[in-house]
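Architecture and fold: a report
One-letter residues, chain by chain:
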Amino acid sequence: MRPDLLVIGAGLAGLSAALRATQAGLRVRIIAKGLGTLHWSTGNLDLLGYLPGAPHPVRKPMEAIYTLPESHPYARLGPERIGHCLSWWQKALGAAGLAYRPATPARSNWLLPSPAGAVRPTYLATEAQAGGDLSQAEPMLIVGFQGMRDFYPHLIAENLTRQGYAARAATLSLAVITRRQDSNTLHLAQELERPGRVQELAAALRPLVRPGERVGLPAILGLERHQAIWQGLATALDAPVFEIPTLPPSVPGIRLHRALTRHLEAQGVQIQVGLTAIGFQADRGRILAVETESSARPWRHQAEGFLLATGGILGGGFNSDPQGRFWEVVFNLPLTVPQDRNAWFRPHFLAPEGHPVFRGGLAVDGCFRPVDGHGTPLYQNLWAAGNLLAHVDAIQERSVEGLAVITGMAAAEALLA
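Just so we're clear, the structure is a prediction, and the values are computed from it rather than from any experiment. (Residues numbered from 1 in each chain as written. Predicted model: local features only at pLDDT ≥ 70, side-chain atom pairs only at ≥ 80, totals over all residues. Heavy atoms only, no water.)

Here we look at the nonpolar core
Soluble globular proteins tend to bury their nonpolar side chains together. As a reminder, the rule being used: Residues belong to a common nonpolar core when they are buried Ala, Val, Leu, Ile, Met, Phe, Trp, Tyr or Cys residues joined through side-chain atoms within 4.5 Å. When a residue's accessible area, from a 1.4 Å probe over protein chains only, is under 20% of the maximum for its type it is buried; when over 50% it is exposed; and in between it is partly exposed. Numbering of helices and strands starts at the N terminus; helices are DSSP runs of H or I of at least 4 residues and strands are runs of E of at least 2. How far each domain reaches was decided by an automatic or database domain assignment. We call two residues in contact whenever any of their non-hydrogen atoms come within 4.5 Å of each other.
Membership of the largest hydrophobic core comes to 85 residues, with the highest contact counts inside it found for W89, L307 and L308. It is helix α13 (residues 400-416) that provides the largest number of residues to this core, a total of ten residues. Built from parts of two domains, this core gets at least three residues from each of domain 1 (14-97 + 255-416) and domain 2 (100-247). Excluding residues that lie within four positions of it along the chain, L307 makes contacts with L5, L6, V7, I8, A17, W383, A385, A411, A412 and L415. Of all hydrophobic cores here, the second largest spans 41 residues; its members include A170, L188, A202 and V241.

Here is the structure:
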């Protein structure tokens, strides 16, 4: 059946837009080249962690939005609209089986430990990660496993201690969880779902934990039965337990992706992964169909409306060549990225202002429709959302998930109007 809305991209922006449109009664289909970048993410929602050029994390992101340039997507929406989007998203995730917690005081950022022992600001945290809140006074025991890749408890504890947070480290044998060699985080999360594994882990941890300590573990506490495993371990230890996100594959990001896609599919949304959009057909200012690659002639996907959420550079929504050309890959939409490669980067790699190439993207109107250089919408039934938008460097600002969710929702509401 021809959908009302075809979403191109299955990352957080595309999934959020699809969820909002579906709840409003639209028939939605999602096509995507891959699974999006959620498997790389912490599973939390970063709203605004740093302002350009500022060395310290943002504590009150809703207040900091007033300091952003007028062209920034957050500044155009305003704090009240953003707060509405986040409340809706938190409620929708609860219905999908994932609980998220805002920080205290209200409308502030959590400060959570990163896998390097740095301080990471985030706005909505999973319940299991919120226990690592660095504003709490309880000391932390960071526990890792010998042979586990990319998680070093002594490095985390040492860096936290240098910043004034009470932390120490310990290491257990990986055999407490699995006999399998060369396991990644996803394998370990699945192992902990086997009967008896949590009790074995608790028995190994119990002698290490001192009274009053909270226990920080890599984010491997189950995949499908995460809540039961996390709470069961805390009960068995009689101590608070929290997760610290790891390098990819990120188990919290996979939990979020699975919960969202299951929730969407239960509401009738068709999600087709492995389809690379390579072109489109249009007539008199309206998109008629998007074409995806196939073994023979391109496969046409018709719909009443189209929402582009393919991500920017990291998501594969943009491409470039050595001559300096930078383009959007599906609709060949104009970008604000400098078309001179010498202007892409500043001389210093860690320039506090960021680099122009990462702040470039699609310019949109107030309804999130891509526009030309004069601000005129290019197509009446095309909207865009997420990290392909112009005037924001989401990685530098630590706003990747927030930008995706908020603009995905806002674009969906614009097309519903």
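After presenting the structure, the write-up continues.
Describing the packing of aromatic side chains
Which entries qualify depends on this criterion: Two rings from Phe, Tyr or Trp (for Trp, the six-membered ring) form a pair when their centres sit within 6.5 Å of each other. Planes less than 30 degrees apart are called stacked, planes more than 60 degrees apart edge-to-face, and all others tilted. Charge over a ring is defined by NZ of Lys or CZ of Arg lying within 6 Å of the ring centre and within 35 degrees of the ring normal.
Tallied over the full model, the rule gives seven aromatic pairs. Consider the rings of F280 and Y379, whose centres lie 5.9 Å apart with planes at 80 degrees: the pair is edge-to-face. Here the residue F280 occupies a position in strand β12 (residues 277-283), and Y379 occupies one in the loop between α11 (356-359) and β18 (382-384), the gap between them amounting to 99 residues. On the accessibility criterion, F280 (26% relative accessible area) is partly exposed. With a centroid separation of 6.5 Å and an interplanar angle of 75 degrees, the aromatic rings of W344 and F345 are classed as edge-to-face. Three or more aromatic residues joined by ring pairs form one cluster here, namely F318, F326, W344, F345 and F358. Cation over ring: R325 sits above W327, and NZ or CZ is 4.1 Å from the ring centre.

A closer look at the pattern of salt bridges
Test applied: We define a salt bridge as a side-chain nitrogen of Lys or Arg found within 4 Å of a carboxyl oxygen belonging to Asp or Glu.
One pass over the full model with this rule turns up 16 salt bridges. In this structure, R149 engages D182 in a salt bridge whose closest nitrogen and oxygen atoms are separated by 2.2 Å. Of this pair, R149 sits in the loop between β7 (140-146) and α6 (153-162) while D182 sits in the loop between β8 (167-173) and α7 (185-191), and the two are 33 residues apart along the sequence. Here the salt bridges share partners, and the residues they tie into one network are R20, R81 and E413.

Structural notes on the domain arrangement of the protein
For clarity, the cut-off: Buried area is understood as the total, over both parts, of accessible area removed when two parts are fitted together, assessed with a 1.4 Å probe. As used in this structure description, the phrase polar contact means that two N or O atoms lie within 3.5 Å; if the pair is within protein, one of them must be able to donate a hydrogen and the other to accept it, and residues adjacent in sequence are counted only when both atoms belong to side chains. Here the term charged refers only to Asp, Glu, Lys and Arg, the term nonpolar to Ala, Val, Leu, Ile, Met, Phe, Trp, Tyr, Cys and Pro, and the term polar to all other amino acids, Gly among them.
Domain parsing of the protein yields domain 1 (14-97 + 255-416) and domain 2 (100-247). Of note, the centres of domain 1 and domain 2, computed from C-alpha atoms alone, are 31 Å apart. Between domain 1 and domain 2, a total of about 2200 Å² is buried, with carbon and sulfur atoms accounting for 46% of that surface. Contact with domain 2 buries area across many residues of domain 1, yet N44, R59 and R255 alone supply 29% of it, more than any other trio. Applying the counting criterion to the domain 1 and domain 2 interface returns five salt bridges. Two residues, D46 and R120, come together in a salt bridge whose shortest N-O distance is 2.5 Å. Taken together, the connections running from domain 1 to domain 2 amount to 18 residue pairs in polar contact (both at pLDDT 80 or more). Secondary structure elements with two or more residues in the side of domain 1 that touches domain 2: α2 (61-64), α4 (79-95) and α10 (251-266). Among the elements that line the side of domain 1 that touches domain 2, the one with the most residues is α4, at six residues. Grouping the constituent residues of the side of domain 1 that touches domain 2 by class yields 13 nonpolar, five polar and eight charged.

Some points on the sheet that holds β18
Hydrogen bonds along the backbone pair up the strands of a sheet, which may run parallel or antiparallel. How we decide: Pairing between strands is defined by DSSP: at least two bridges between them are needed. Angles shown run from 0 to 180 degrees and are taken between the N-to-C directions of axes, each axis being a line fitted to C-alpha atoms and, for helices, limited to the stretch in contact.
What the five strands build is an open sheet, ordered β11-β2-β1-β15-β18; its pairing is parallel. Edge positions in the open sheet fall to β11 (270-273) and β18, since each of these has one partner strand only. Within this sheet the neighbouring strands show an average axis-to-axis angle of 20 degrees, counted without direction. As paired elements, strand β1 (residues 5-8) and strand β2 (residues 28-32) share four bridges and run parallel to each other. Its bridge partner being in β2, L6 is matched across the sheet by R29. Its contacts with the sheet put helix α1 (residues 12-23) on β1, β2 and β15 (305-308), and the angle it makes with β2 is roughly 170 degrees.

Things to note about the packing of α1 against α10
How we decide: Reported orientations rely on four angle classes, namely roughly parallel under 35 degrees, roughly antiparallel over 145, roughly perpendicular from 65 to 115, and oblique for the rest. Note: crossing handedness is left-handed where the near helix turns anticlockwise from the far helix by less than a right angle, and right-handed where it turns clockwise.
Closest axis-to-axis distance for the α1/α10 pair is 10 Å, and the angle between their directions is 30 degrees. Judged by the inter-axis angle, α1 sits roughly parallel to α10. The element α1 and its partner α10 pack so that their crossing is left-handed. Together, L12, L15, A18, L19 and T22 of α1 and L256, H257, L260, T261, H263 and L264 of α10 make up the contact between the two elements. Partitioning the contact of α1 with α10 into residue classes produces seven nonpolar, four polar and no charged.

Side note on α4
How we decide: Between the first and last residue of a helix there are one fewer steps than residues, each counted as 1.5 Å, and that sum is the expected span.
Here α4 is 17 residues long and its end C-alpha atoms lie 24 Å apart, about the 24 Å a rise of 1.5 Å per residue gives. Buried within α4 we find P79, I82, G83, C85, L86, W88, W89, A92 and L93. Following α4 by one or two positions, G97 adopts a phi angle in the positive range, close to 100 degrees.

Section: the sheet that holds strand β9 (residues 214-218)
Across the sheet, which stays open at both edges, the four strands sit in the order β8-β7-β9-β10 with parallel pairing between neighbours. The sheet is open, and its two edges are formed by β8 and β10 (241-244), each paired on a single side. In this sheet, neighbouring strand axes are inclined to one another by 30 degrees on average, regardless of whether the strands run parallel or antiparallel. Sheet topology places β7 next to β9; three bridges connect them, and they run parallel. The residue bridging L141 from the neighbouring strand is V215, located in β9. Strand contacts of α6: β7, β8 and β10, with the helix running at about 175 degrees to β8, the strand carrying the most contacts. Contacts from helix α8 (residues 197-205) reach β7, β8 and β9, with the element oriented near 125 degrees to β8.

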